[in-house]
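Tertiary structure, described
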Amino acid sequence: AQKITQTQPGMFVQEKEAVTLDCTYDTSDQSYGLFWYKQPSSGEMIFLIYQGSYDEQNATEGRYSLNFQKARKSANLVISASQLGDSAMYFCAMRLNAGGTSYGKLTFGQGTILTVHP
Amino acid sequence: EAGVAQSPRYKIIEKRQSVAFWCNPISGHATLYWYQQILGQGPKLLIQFQNNGVVDDSQLPKDRFSAERLKGVDSTLKIQPAKLEDSAVYLCASSLVSYTEQFFGPGTRLTVL
């Protein structure tokens, strides 16, 4: 079974500073994908970034980058130049990329609440 | 392109009552998911459909929850009878196929009193 662990219930950051949100995962499968989603107070889940287990380069999407360390089974999200609008809940999630009944479904962590201070 | 639609957005019921939620996925998306998100937790998959067939319902409490996806498009999730612990946000998501990006709807917030 897959497991995602986010150990930071809450994080605070000053506007314009960078922040790292931690995520570790556990799986015995070799082919998987790691996702980060943002969930504002309005409730919708907004996809931020994706990293495949075979991708050699760390994924980047604008101000978001994913620090993927496969040997440590970690997939930390780095947000550069934080903005007030970044205040939200952030979820790390995993999906198996090949075969079996777990194919397709996302397994989520507990989430980290990020608060950006002016 | 229209997103995933869900209704109602909010529902308050008393325990032992029944409730149903509706989801309309993005047009052409073959895979549809229902997730349950209890306050303070990450979403948990309840059921996954591929077209109108069930792929995974291992975490669906089948004694009280049921779901269907008629004609491989819209889906309904029903709870009968509801318990206090069913209070949660129910998220519907869809993807073109099972290994592509999932797009989430706005969710239905259920409160069971």
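Preceding this paragraph is the structure being described.
Owing to the predicted nature of the structure, the values given are computational and were not obtained by experimental measurement.

Thresholds applied
- Residues numbered from 1 in each chain as written.
- Chains lettered and ligands numbered in written order.
- Predicted model: local features only at pLDDT ≥ 70, side-chain atom pairs only at ≥ 80, totals over all residues.
- Heavy atoms only, no water.
- Helix = DSSP H or I, 4+ residues; strand = E, 2+ residues; numbered from the N terminus.
- Rg over C-alpha atoms; globule rule 2.2 N^0.38 Å.
- Buried < 20%, exposed > 50% of the residue type's maximum accessible area, 1.4 Å probe, protein only.
- Contact = heavy atoms within 4.5 Å.
- Lys, Arg positive; Asp, Glu negative; His and termini not counted.
- Charge placed at Lys NZ, Arg CZ, Asp CG, Glu CD.
- 1 Å grid on protein atoms, 1.4 Å probe; cavity = no way out; pocket = protein on both sides within 12 Å on 5 of 7 lines; lining within 4 Å.
- Points joined across faces, edges and corners; volume = space filled by probe spheres on them.
- Nonpolar A, V, L, I, M, F, W, Y, C, P; charged D, E, K, R; others polar.
- Pairing = 2+ DSSP bridges.
- Axes fitted to C-alpha atoms, helices over the stretch in contact; angles between N-to-C directions.
- Phe/Tyr/Trp six-rings, centres within 6.5 Å; stacked < 30°, edge-to-face > 60°.
- Lys NZ or Arg CZ within 6 Å of the ring centre and 35° of its normal.
- Buried area = accessible area lost by both parts, 1.4 Å probe.
- Salt bridge = Lys/Arg side-chain N within 4 Å of Asp/Glu carboxyl O.
- Polar contact = N/O pair within 3.5 Å; in protein donor to acceptor, adjacent residues only side chain to side chain.

Looking only at helices and strands, chain B has zero helices and eleven strands in total. From first element to last, N terminus to C terminus, chain B shows the α and β order β-β-β-β-β-β-β-β-β-β-β. Against the compact-globule benchmark of 13 Å for 113 residues, chain B has a radius of gyration of 13 Å, which places it among compact chains. Along the first, second and third principal axes, the C-alpha set of chain B runs to 35 × 25 × 25 Å. For chain B, the residues scored as buried account for 45% of the 113 residues in total. Partitioning the intrachain contacts of chain B with sequence separation of at least 6 by distance along the chain shows that 53% fall at a separation of at least 24. Positive and negative side-chain charges of chain B, numbering 12 and 10 respectively, have mean locations separated by a distance of 6 Å.

This paragraph deals with the layout of surface pockets. If a probe as big as a water molecule is rolled over the atoms, it shows which places are left empty. Approximately 490 Å³ is the volume attributed to the largest pocket. Around the largest pocket, the lining is made up of 27 residues, and of these Gln39(A), Gln37(B), Leu39(B), Val89(B) and Arg109(B) lie nearest the centre. Elements represented by at least two residues in the lining of the largest pocket include exactly strand E10 (88-96) and strand E12 (112-117) of chain A together with strand E9 (88-95) and strand E11 (108-112) of chain B. Its residues assigned to classes, the lining of the largest pocket shows 13 nonpolar, twelve polar and two charged. Put simply, the parts of the chain that give the lining of the second largest pocket at least two residues each are strand E1 (3-5) and strand E11 (107-108) of chain A. Residues of the lining of the second largest pocket, tallied by class, amount to four nonpolar, nine polar and two charged.

Residues and elements named next belong to chain B. The strand order across the open sheet built from four strands is E1-E3-E8-E7, with neighbouring strands paired in antiparallel fashion. Each end of this open sheet is capped by a strand with a single partner; those strands are strand E1 (5-7) and strand E7 (65-68). Each neighbouring strand pair of the sheet contributes to a mean axis angle of 15°, computed without reference to strand direction. For strand E3 (residues 19-24) and strand E8 (residues 75-79), the ladder comprises five bridges, and the chain directions are antiparallel. Paired with Trp 22 across the bridge in E8 is Thr 76.

Before going further, it helps to examine the packing of aromatic side chains. Per the stated rule, a full pass over the model turns up 15 aromatic pairs over all chains. Considering the side-chain rings of Phe91(A) and Phe108(A), the 6.1 Å spacing of their centres and the 90° angle between planes classify their relative orientation as edge-to-face. Residue Phe91(A) is found in strand E10, and its partner Phe108(A) is found in strand E11; the two are separated by 17 residues along the sequence. For Phe91(A), a relative accessible area of 0% puts it in the buried group. Residue class for Phe108(A) comes out buried when judged on its relative accessible area of 9%. Ring pairing ties together the aromatic residues Phe35(A), Tyr37(A), Phe47(A), Tyr50(A), Phe91(A), Phe108(A), Tyr33(B), Tyr35(B) and Phe104(B), which thus form one cluster. Sitting over the ring of Tyr64(A), Arg63(A) keeps its end group 5.6 Å from the ring centre.

All right, on to the interface of chain A and chain B then. Contact with chain A, which involves 17 residues of that partner, is made by 21 residues of chain B. In total, chain A and chain B occlude about 1600 Å² of area from one another, counting both sides; carbon and sulfur atoms represent 49% of this. Along the contact surface separating chain A from chain B lie zero salt bridges. Viewed at the interface, chain B and chain A are joined by four residue pairs in polar contact (both at pLDDT 80 or more). Grouping the amino acids of the side of chain A that touches chain B by side-chain chemistry returns seven nonpolar, seven polar and three charged.

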